[in-house]
Amino acid sequence: MAIAFNGLPKSVYAQSPKILIAQNSGSDFLDQEIDKESDLLFQGVEKFNQHDYRGAITDFNQAIQLNPNNAQPYYNRGLARSGLGDHTGAISDYNQALRLNSKFTDAYSDRGWEYYKLGNYKQAISDYNQSMEIDPKYGRSYYFRGIVYAAQGNYKQSIADYNKAIELQSYPLSWSYYNRGLARSHLGDLKGAIEDYNQALGEDPNYMEAYLSRGQTLAQLGKLQAALIDINQVIRLKSNLPEAYYSRGLLRFLLEDNKEGAMADLQQAADLFLMQGKKQKHQMVIDTIKNLKNVFRSRRI
């Protein structure tokens, strides 16, 4: 019976908005307006960081009304709209920010991410390329472009971009190491993938996805006990992750040391998938349980 351990893709989060502090203009009236605009920007960013995206948008709207020629609040509002899943609205705001500031590398990079989320990989890569033309050492665009290349199945090119992001010390290094590990795994370089997951965990010892992917890769290499240690760590870090219970259930079955525990883990995975509305994965686990029960019965004969 073939057992498949599949890696879990890493979610990527937008950086917090970069605040533009208005400078003193020498005019009391203008200074008051600038102070008000700055206050609104700060308030919006605080709400953004608390995941109050609608409240942040309200503040950025008011900042735009005060100064419609400042690119920053459009960019910040784009990030907030992205937080709400409004990718088209975010792109519209980044477009306006770029009309006002054609060298706004963050706006190119984050617009590229929205195009990626909409499945427009060609335009996403174009935006990342544009940000790199403005600033060749803009490492976050190498990181994000690597994700787009990976989504296209171009793993060699994605690895090259992760290498560059690591060289430039960009973004959390753990993310670049982790995603490079996923790309190496897709190319069949399982040992190289484990090396990258090790590096990711060295940067971030609580990197749950890295433990999960390393555990699943170790299982593919037949190192079941080591894999089980990693999967147990995943469950300690996140107790409601169905993929972890599914992996541990399969490992316990393969190790033949805990039939009841294997069935309990698989049932937990099935229940969690159902609670999350992932019906296909729920059914996959149910089918796995049925198949393993047949295996257990055959062993008794």
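Small disclaimer: the values here were computed from a predicted structure and weren't measured. (Residues numbered from 1 in each chain as written. Predicted model: local features only at pLDDT ≥ 70, side-chain atom pairs only at ≥ 80, totals over all residues. Heavy atoms only, no water.)

**A short note on helix α11 (residues 208-220)**
Compared with the 18 Å implied by 1.5 Å per residue over 13 residues, the 19 Å span of α11 between its first and last C-alpha is a close match. All buried positions along α11 are accounted for by Met208, Glu209, Ala210, Tyr211, Leu212, Ser213, Arg214, Gly215, Gln216, Thr217, Leu218 and Ala219. Buried residues along α11 sit in contact with α9 (173-186), α10 (190-203), α12 (224-237) and α13 (242-255). At the C-terminal side of α11, glycine 222 shows a positive phi close to 85°. (Helix = DSSP H or I, 4+ residues; strand = E, 2+ residues; numbered from the N terminus. Expected span 1.5 Å × (residues − 1). Buried < 20%, exposed > 50% of the residue type's maximum accessible area, 1.4 Å probe, protein only. Contact = heavy atoms within 4.5 Å.)

**Here we look at the pattern of salt bridges**
Applying the stated criterion to the full structure yields 14 salt bridges. Residues aspartate 196 and arginine 180 are paired through a salt bridge, measuring 2.7 Å at the closest nitrogen-oxygen approach. Of this pair, aspartate 196 sits in helix α10 while arginine 180 is found in helix α9, placing the two residues 16 residues apart along the sequence. Arginine 180 carries the same exposure label as aspartate 196, and that label is buried. One salt bridge connects aspartate 265 with arginine 248, and the closest N-O pair in it is separated by 2.7 Å. Highlighted residues: aspartate 265 in helix α14 (residues 259-275) and arginine 248 in helix α13, separated in sequence by 17 residues. (Salt bridge = Lys/Arg side-chain N within 4 Å of Asp/Glu carboxyl O.)

**Topic: the confidence of the model for the chain**
The predicted model of the chain has a mean per-residue pLDDT of 88, with 87% of residues at 70 or higher. Between the elements of the chain, mean pLDDT differs from a low of 76, seen in helix α1 (residues 28-49), to a high of 98, seen in helix α4 (residues 87-100). pLDDT under 50 marks residues 1-31. Its contacts with residues more than four places away, or in other chains, come to 77 contacts. (pLDDT = per-residue confidence, 0-100.)

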